[in-house]
Amino acid sequence: MTDKLNFTPQEWTKVLESVALVGIAVAAADPNGLWGLTKEALASRSALIASKHDGQPNELIKAVITDFESKAGRSVVLEALHKRFAGAETVDILQRSLEDLREVSALLDTKAPHDAVAFKGLLLGIGQKVAEASMEHSFLGFGGVLVSDAEKATLRDIATALGTTV
């Protein structure tokens, strides 16, 4: 059974951040205006909430969800993300997110090997939901594509960073 006690406080913050980083990376891959970014942010949160009701999420996923449901947990993530991305350009945001996801992947493989596959699957699922949240390259809701080529490439990069496949 893996929970937050298996990690140092800094490691746990990285695990929590990874949930947000996936959505941030996908959104940064192909920014879609304020409305698109709002829809993508909501998709990230709803994907996490949906995993709570999937029946039998593993203990690591339960622990992450519990922290995200607390004000203190969200504050830790927001503060860490603010520090990480202060003054960053879109390209930097994407690269920093992928670097951190590689670190989290290694951390999970070492400290939570039985829960790593399911947690990485959760992260990929969040990324996919974010990518599908808003039509890309449309005008007033007409035309466009559900998932842009840049988002598809970013999903592949995320999978590679996590040591999995899309």
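Predicted model only: the values in this text are computed from it and were never measured.

Analysis parameters
Residues numbered from 1 in each chain as written. Predicted model: local features only at pLDDT ≥ 70, side-chain atom pairs only at ≥ 80, totals over all residues. Heavy atoms only, no water. Helix = DSSP H or I, 4+ residues; strand = E, 2+ residues; numbered from the N terminus. Buried < 20%, exposed > 50% of the residue type's maximum accessible area, 1.4 Å probe, protein only. Contact = heavy atoms within 4.5 Å. Areas by Shrake-Rupley, 256 points an atom, 1.4 Å probe, with all protein chains shown as cover. Axes fitted to C-alpha atoms, helices over the stretch in contact; angles between N-to-C directions. Parallel < 35°, antiparallel > 145°, perpendicular 65-115°, else oblique. Nonpolar A, V, L, I, M, F, W, Y, C, P; charged D, E, K, R; others polar. Core = buried A, V, L, I, M, F, W, Y, C linked by side-chain atoms within 4.5 Å. Expected span 1.5 Å × (residues − 1). Arc of directions from axis to C-beta.

J.: Help me understand the overall build of the protein in this model?
T.: Of regular secondary structure, the protein possesses 7 helices and 0 strands. The helix and strand sequence of the protein, counted from the amino end, reads α-α-α-α-α-α-α. In the protein, buried positions account for 45% of the 166 residues. A separation threshold of at least 6 residues defines the contact pool for the protein, and within that pool the share at least 24 residues apart is 73%. For the protein, the accessible area works out to roughly 8800 Å², and carbon and sulfur atoms hold 59% of it.

J.: Explanation requested: the packing of helix α6 (residues 113-131) against helix α7 (residues 149-162) in the structure shown.
T.: How two helices sit against one another is set out by the angle between their axes and by the gap between those axes. Across the interface, α6 lies against α7 with an axial gap of 10 Å and an inter-helix angle of 170°. The angle between α6 and α7 places the two elements in the roughly antiparallel class. Taking contact as the criterion, the partners of K120, L123, L124, G127, Q128 and A131 in α6 are, on α7, E151, L155, I158, A159 and L162. Among the residues forming the contact of α6 with α7, the class breakdown is 7 nonpolar, 2 polar and 2 charged.

J.: Honestly, the nonpolar core in this entry has me stumped. Any pointers?
T.: Considering soluble globular proteins, one finds that nonpolar side chains tend to be buried as a cluster. Core analysis: the largest hydrophobic core is formed by 46 residues, its most contacted members being V64, L108, F119 and I158. When residues of this core are traced back to their parent elements, those giving at least two are α1 (9-29), α2 (33-52), α3 (59-69), α4 (71-85), α5 (90-111), α6 and α7. Here this core takes 10 residues from α1, the largest share from any one element. Setting aside its immediate chain neighbours within four residues, V64 contacts W12, V15, L16, V19 and F119.

J.: Explain α4 to me, please; I cannot follow it from the model alone.
T.: Working note: α-helix, 3.6 residues per turn, so residues spaced by three or four point in the same direction. Between its first and last C-alpha atoms α4 spans 21 Å; for 15 residues at 1.5 Å apiece the expected length is 21 Å, and the two agree. Residues of α4 that are buried: G73, V77, A80, L81 and F85. Looking straight down α4, one finds its buried side chains confined to an arc of 115°; they lie on one side. Turned more than 90 degrees away from the buried face of α4, the exposed residues are K71, A72, L78, H82 and K83. Elements in contact with the buried residues of α4: α1, α3 and α5. Two residues or fewer after α4 comes G87, characterised by a positive phi angle close to 75°.

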